[in-house]
Amino acid sequence: MTSIRKSHLTLKALNESMIDLPAPKNISAWWNFGSLLSLCLALQILTGLFLAMHYTSDISTAFSSVVHICRDVNYGWLIRSIHANGASFFFICIYLHIGRGLYYGSYLNKEAWSAGVILLLLVMMTAFVGYVLPWGQMSFWGATVITNLLSAIPYVGENIVQWLWGGFSVDSATLTRFFAFHFLFPFGIIAMTLVHLLFLHEKGSSNPVGINSNADKIYFHPYFIYKDLIGFAWFALFLITLVLFIPNLLGDPENFTPANPLVTPPHIKPEWYFLFAYAILRSIPNKLGGVFALLASILILLIVPILHTSKWQNFAFRPLAQIFMGLLVVDVAILTWIGGMPVEPPFIIIGQIASFLYFFLFLVFFPLSGWLENKMLES
Amino acid sequence: MPQRFEIDYFVKMKFGDLARMRHIITFSLSPFEQKIFPNFFSEILPNTWRRFRGSFFRIAPPTALGYMVYSWGTNNHKESKRKKPEDYANDE
């Protein structure tokens, strides 16, 4: 008699992806970020839903509706803080997840990797439109700066921007549609997550040693269910510490001021998770060039599988690649710092060098290190 | 008679169909019948140093370089915002 979890049409899918799924025995904590991202998504959707019950997306009431949520709605302050800081944690998990993918050569599962890059873009778009909703100074001016970038597109740029705005500047029409997008995009993220998992489960997870693990797999349940639960507990600890003790650590004070189109803040900058891309955008003196560089900084991830030259899947036994990986992490940290600084010397030249290094690492250093290490292996 | 059909979601990844293994015999000791930290000074400490060497000297140099860039950049920018003391040297 076959168990119902193996015979029922829907339960079978759950069974084969979370219970009887063969998983490598030796996957480390770096493999926890996938499930953590699902937790982040669920948390954001749940808290977002409750916020949406009280938020109004008209420019005359948006800011005060957020104030109302924080002051009057039962535990509204908590839901809002979890949602805002949860977004930051979403990006912490995403960047660590991508870092794991780069270091351990997970990108060699090209379909899963490409679905992941699309997920990254969707999450970035969701976060961008979401930040506009409180209608603070940084919400308005950040939206103005970034949407204006589209005007750099030759011939049709201006028309596209005005079509997106729903008018001649970021105004009420923009806010209402951004609220609609912010509600809609997470469902696309859910769909893309299922596609991402589908491709992952075709070949199975990789592992820290980088060799085929088919001879030594264990059931996902209970081992990785419990390991993921421990990851959730750590995540909850860090998130709740931030939410309850330092909720404004990662925010901008400028966003406590209602949006004013007549007053430009001295330093317009996005949230921390976009600063590295912002630095790359500003490093090129030309508007269209900057837009291309901005897009390229994310889309370069799509060609990483093609640039893999090493005979090894991961960096565990590749000392040169490990050093370059360390350099990439530090370079992104430098870019994040520079993105938050004003466009003044010496930040300009540091940003330009760091931006160049970012692309050079992906396009030259990593493939070169693979080729060199192969040569060392032969000799 | 209605036709029944099965859907296999992940055809390739099922236990019993992963890898062909033959003649694998494993022996092990009960954890209750062995030392907790055997050969601490002769094996554990040298191995810890080996693992530290393998990762620290690949992560520390880029991190140190990054910190130096951050430190120099911050100080250089602060200096550029200051008035130059030599311009006011002869002021009363």
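The structure displayed is predicted, hence computed values, not measured ones. (Residues numbered from 1 in each chain as written. Chains lettered and ligands numbered in written order. Predicted model: local features only at pLDDT ≥ 70, side-chain atom pairs only at ≥ 80, totals over all residues. Heavy atoms only, no water.)

Right, let's talk about the side chain of A:Asp228 for a bit. If you trace the backbone, A:Asp228 turns up in helix H10 (residues 220-245). Sequence-distant contacts of A:Asp228, defined by excluding residues within four places in its chain, comprise A:Asn32, A:Ser35 and A:Phe220. (Helix = DSSP H or I, 4+ residues; strand = E, 2+ residues; numbered from the N terminus. Contact = heavy atoms within 4.5 Å.)

So, on to the interface of chain A and chain B. In this assembly, 32 residues from chain A lie in contact with 27 residues from chain B. A salt bridge links A:Glu16 to B:Lys14; the shortest N-O distance between them is 3.3 Å. Counting every contact that joins chain A to chain B gives four residue pairs in polar contact (both at pLDDT 80 or more). For the side of chain A that touches chain B, the secondary-structure elements that each account for two or more residues are helix H2 (9-18), helix H9 (172-203), strand E2 (217-219), helix H13 (319-339) and helix H14 (347-378) of chain A. Residue contributions to the side of chain A that touches chain B peak at eight residues, all from H13(A). (Salt bridge = Lys/Arg side-chain N within 4 Å of Asp/Glu carboxyl O. Polar contact = N/O pair within 3.5 Å; in protein donor to acceptor, adjacent residues only side chain to side chain.)

This brings us to the UniProt feature "binding site: heme b b562" (unreviewed entry) in chain A. Residues and elements named next belong to chain A. UniProt marks His 83 and His 182 with the feature "binding site: heme b b562" (unreviewed entry), using the numbering shown here. The greatest C-alpha distance among the annotated residues, which extend across 100 residues, is 12.7 Å, indicating that they converge on a single site. Discounting residues that sit within four places of it in the chain, His 83 has contacts with Gln 44, Thr 47, Gly 48, Leu 51 and His 182. With respect to the secondary-structure elements, His 182 resides in helix H9. Not counting residues up to four positions away in its chain, the partners in contact with His 182 are His 83, Thr 126, Val 129, Gly 130 and Leu 133. Only 2.8 Å separates the side chain of His 182 from the backbone oxygen of Thr 126, close enough to count as a polar contact. (UniProt positions renumbered as here; feature names shortened; annotations may be inferred.)

All names here are of chain A. A grouping of Phe 292, Leu 295, Leu 299, Leu 302, Ile 303, Ile 306, Leu 363, Val 364, Leu 368, Trp 371 and Leu 372 is seen on the molecular surface, where their side chains present a nonpolar patch of about 980 Å² in accessible area. Mapped by element, the contributors of at least two residues to the nonpolar patch are helix H12 (287-303) and H14. Relative to the helices and strands, Leu 363 is located in helix H14. Look at Leu 363 and you get partly exposed, because its relative accessible area is 41%. (Patch = residues over 30% accessible without salt bridge, like charges linked within 9 Å, V, L, I, M, F, W, Y side chains within 5 Å. Areas by Shrake-Rupley, 256 points an atom, 1.4 Å probe, with all protein chains shown as cover. Buried < 20%, exposed > 50% of the residue type's maximum accessible area, 1.4 Å probe, protein only.)

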